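# Coordinate inspection notes
Letter by letter, the chains look like this.
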Amino acid sequence: MGKESKPSFSAPAVFTNKKSQIPESSTRAPGSREDDAWLSDEQLSKCAPAETEEFRSPVPTRMVSNGEYMPIPQTEKQKRVEARIKELANSAAKKLGINRRKFLTTSGGMAACFVAMNEVYGKFFDVDPVEMFEPAASATKAPPEDLFVFDDQTHMVRSSMRQGRSLRAIAQGPGAASFNAGFLTNPFNAPPNVPGVDEFGGAWTPWNPALGQIPNRGDRFQLVEYIRGFFFDSQVTVAILSNANIAVIRDPGSAVPRPPKNVAESLANESLTGEQTAGVRDFVNQISGSTRVLAHGQLYTGIGNLDFMQFQIDSFHPDSWKGYNVAAAAKVDTDPSSLFRQWRLDDEKVAYPSYEVIARNRQELKKHPGFFNICVHKGLAPGPPLIPERGFPTDIPKAAADWPQFNFIIYHSCIQPSFWDLQSLQEIRSGVLREGVPDISWTTQFAQLAAPLRNVYGEIGTTFASSVITFPTVWAHIIGQLLKYLGDERVVFGSDSLWYGNPQWQIEAFWRFQIPDEISDQWDYPELDKEAKRNILGLNSARLYKLRTGRGEDEDDHEHEHEHEHEHEHSRLSDIYKPVPANFESLIPNKLKTLLEFPGFTSDNLSKIRAEYLAMGRQLDNTRYGWIRTRV
């Protein structure tokens, strides 16, 4: 897919089942297509059904509305792209002895679209014109078979939870699956994000066209799909399974959710706990006979959570840690009635005691070499205030300096907009600079602050996925700035999938992407060459977690020049990382099914969590609420 997933695949026209208010004078036939639209009769008079367009390009060359918003007219650049695609398609089809419509259904037709888009928008896509004639030529542009891919951010949910559907909707685009899941418009193209269209004129352009309109259901994010997506449908070699201690409590009768009061409440409301994460790790590694999955521990901060931090270490031995500044996950006292709150990396009274627990358990490094890796979600928080508790990067320098033994891996590289990057594009075009480069909130500031801090890394999960398809100019500047300030050895790849489907489309898109010369020349961005891509896609994380990659210490990471060297390298990688058995589903033990709350299995996790909570020395809170009688 790579390049073929890359451009603006605006979805075909689709319709909601909410009817417009039709005036009595309307000529709409009841139950007709027009009757199902939200557009007014006046607006509809200016539109035509998308399927009536005679020219059917693999990549839409104008905005296609789903009936909920008025499409804008075809732009001048879109007209130029369309005209050039027609020229290329006519010429190639004639040489191949087929008609133009047939040609446009082939990989050659897709290549023609990329060639045309590069000519009009700038050279974002690594495509060779020969791909229009030789399908095998595209293989030379695809990720090599010997590529070591470490996916630094992956997600699944336990069977009783349903998180992730809004993220799947934005990746999938408009259509029956999104609508049936309750998403009638782009769930993130609205305030506090800056609403509008992307670089190619779409308001809800699919990120991953391969998803089509497969049902957007909770079971799409569970164990079986996780293993299949990462270890059968993609080139991922090793994945680290993440968890999010982002929980809100909805008390009966209260319309306003509240933060948790303790770890037990939080765990009961999370998509996946640290124990469940470790259970998946142990299962996959056992059946494959090699290290294919690593597991995050959950970074709960504050003095009230120190016992639970130690409990995780003793019970399931995390490979590294995942925390969310934006999450209410800090217990700053021992009062059982106080609420968790957000936190910042450099808070000596809140964060540092948790770091101390990790530091004094350095014996874990022997079997879990990434134990001192602190992975922190920062960003995806549009609007004010600009504070570290929401992902603003100003707390990073002090924490990194005070804890030099740790690596701080900053997830999402602090990008501020949430899954819709029009704000970032506007910032680039505004001419406002920060130390000589476009000031992209908050990523530019993060990169510049982190530049001298050798133990700080930028992770690109979601930041890459949310921009590479719909805002390629934004991605060109983000990766250019990360390379400029951090270098290609301090940037790591994460897909943030399964939210966006299996990660292969991102791997291919990253391998094919290139920073246009005019952008790199103007802003002095380093080249995103194949060595840099190999580092970012896997080798940097391999070093952070001390994993073998099949490359000797005396070898450089440059591309091999001879085919037999590729085969030799691939063989060695295969020797290290054994395949997950194809019958993995039949091998899932009942113990893991119970832990992940499979339907039909005992899943009384609340009782289990309560027992663990009491085992850590917690005391029951016998406070009574209500009224008692004290007089006869």
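Structure: above.
First things first, this report covers the structure right here in the doc. (Residues numbered from 1 in each chain as written. Predicted model: local features only at pLDDT ≥ 70, side-chain atom pairs only at ≥ 80, totals over all residues. Heavy atoms only, no water.)

Further remarks concern the pairing of strand E5 (residues 373-377). Summarising burial for E5: five of the five residues are buried, a large majority. Side chains Asn373, Cys375 and His377 project from E5 onto one buried face, and the interleaved Ile374 and Val376 project onto a second face that is buried too. Regarding topology, helix H11 (residues 351-359) serves as the crossover connection from strand E4 (residues 320-324) to the parallel E5, and that connection is right-handed. After leaving E5, the chain enters helix H12 (residues 396-402) and then returns to the sheet as strand E6 (residues 407-411), a path that is right-handed. (Buried < 20%, exposed > 50% of the residue type's maximum accessible area, 1.4 Å probe, protein only. Helix = DSSP H or I, 4+ residues; strand = E, 2+ residues; numbered from the N terminus. Right-handed = clockwise from strand over helix to strand, strands pointing away.)

The contact between helix H14 (residues 443-450) and helix H16 (residues 472-485) brings their axes to 9 Å, and the two run at 10°. Judged by the angle between their axes, H14 and H16 are roughly parallel. Contact residues: H14 offers Thr443, Thr444, Phe446, Ala447 and Gln448, while H16 offers Ile478, Gln481, Leu482 and Tyr485. When grouped by side-chain class, the residues that make up the contact of H14 with H16 number five nonpolar, four polar and no charged. (Axes fitted to C-alpha atoms, helices over the stretch in contact; angles between N-to-C directions. Parallel < 35°, antiparallel > 145°, perpendicular 65-115°, else oblique. Contact = heavy atoms within 4.5 Å. Nonpolar A, V, L, I, M, F, W, Y, C, P; charged D, E, K, R; others polar.)

This part is about the sheet that holds E4. Taken in spatial order, the eight strands line up as E1-E2-E3-E4-E5-E6-E9-E10 in an open sheet, and their pairing is parallel. Of all strands in the sheet, those bounded by a partner on one side alone are strand E1 (150-154) and strand E10 (491-492). Both E4 and E5 contribute to a ladder of four bridges, which runs parallel. For Gly323, the partnering residue across the bridge sits in E5 and is Val376. Its contacts with the sheet put helix H7 (residues 223-231) on E1, strand E2 (238-241) and strand E3 (293-298), and the angle it makes with E2 is roughly 145°. (Pairing = 2+ DSSP bridges.)

Once that is clear, we can look at the environment of Gln522. Within the secondary structure, Gln522 is located in helix H18 (residues 517-523). Put simply, Gln522 and Val437 are 85 residues apart on the chain and 9.4 Å apart in space, counted from C-alpha to C-alpha.

A few words now on the packing of aromatic side chains. What characterises a pair of aromatic rings is the spacing of the ring centres plus the angle enclosed by the ring planes. This structure, assessed with the given rule, holds 27 aromatic pairs. When the centroid spacing of 5.0 Å and the interplanar angle of 75° are considered together, the rings of Tyr121 and Phe200 count as edge-to-face. Residue Tyr121 is located in helix H4 (residues 107-121), and its partner Phe200 is located in the loop between helix H6 (176-180) and H7; the two are separated by 79 residues in the primary sequence. For Phe200, a relative accessible area of 6% puts it in the buried group. Aromatic pair Phe150 and Tyr545: ring centres 5.2 Å apart, planes at 20°, arrangement stacked. Taken as a pair, Phe150 in strand E1 and Tyr545 in the loop between helix H19 (530-544) and helix H20 (563-576) lie far apart in primary sequence, 395 residues in all. The residues Phe150 and Tyr545 share a single accessibility class, namely buried. Ring-pair connections join several aromatic residues into one group, and the members of that group are Trp321, Tyr352, Tyr355, Phe371, Phe372, Trp403, Phe406 and Phe408. (Phe/Tyr/Trp six-rings, centres within 6.5 Å; stacked < 30°, edge-to-face > 60°.)

A word on the environment of Val127. Within the fold, Val127 resides in the loop between H4 and E1. Put simply, Val127 and Ala137 are ten residues apart on the chain and 9.6 Å apart in space, counted from C-alpha to C-alpha.

This brings us to the pattern of salt bridges. Counting across every chain of the model gives 19 salt bridges. In this structure, Glu225 and Arg228 form a salt bridge, with 3.0 Å as the shortest nitrogen-oxygen distance. One end of the pair is Glu225 and the other is Arg228, both in helix H7 and three residues apart, which spans about a single turn. Exposure remark for Arg228: the relative accessible area of 28% places this residue in the partly exposed category. Its salt-bridge partner being Glu265, residue Arg258 comes within 2.8 Å of it at the nearest N-O pair. Given the relative accessible area of 16%, Arg258 is considered buried. Its relative accessible area of 22% is what places Glu265 among the partly exposed residues. (Salt bridge = Lys/Arg side-chain N within 4 Å of Asp/Glu carboxyl O.)

Glancing now at helix H9 (residues 274-288). Its 15 residues give H9 an end-to-end C-alpha distance of 21 Å, which sits within 8% of 21 Å, the value for a rise of 1.5 Å per residue. Most of H9 sits inside the fold, with twelve of its 15 residues counted as buried. Residues of H9 that are buried: Gly274, Gln276, Thr277, Ala278, Gly279, Val280, Arg281, Phe283, Val284, Asn285, Ile287 and Ser288. Among the residues trailing H9, Gly289 stands out with phi positive, at a value near 70°. (Expected span 1.5 Å × (residues − 1).)

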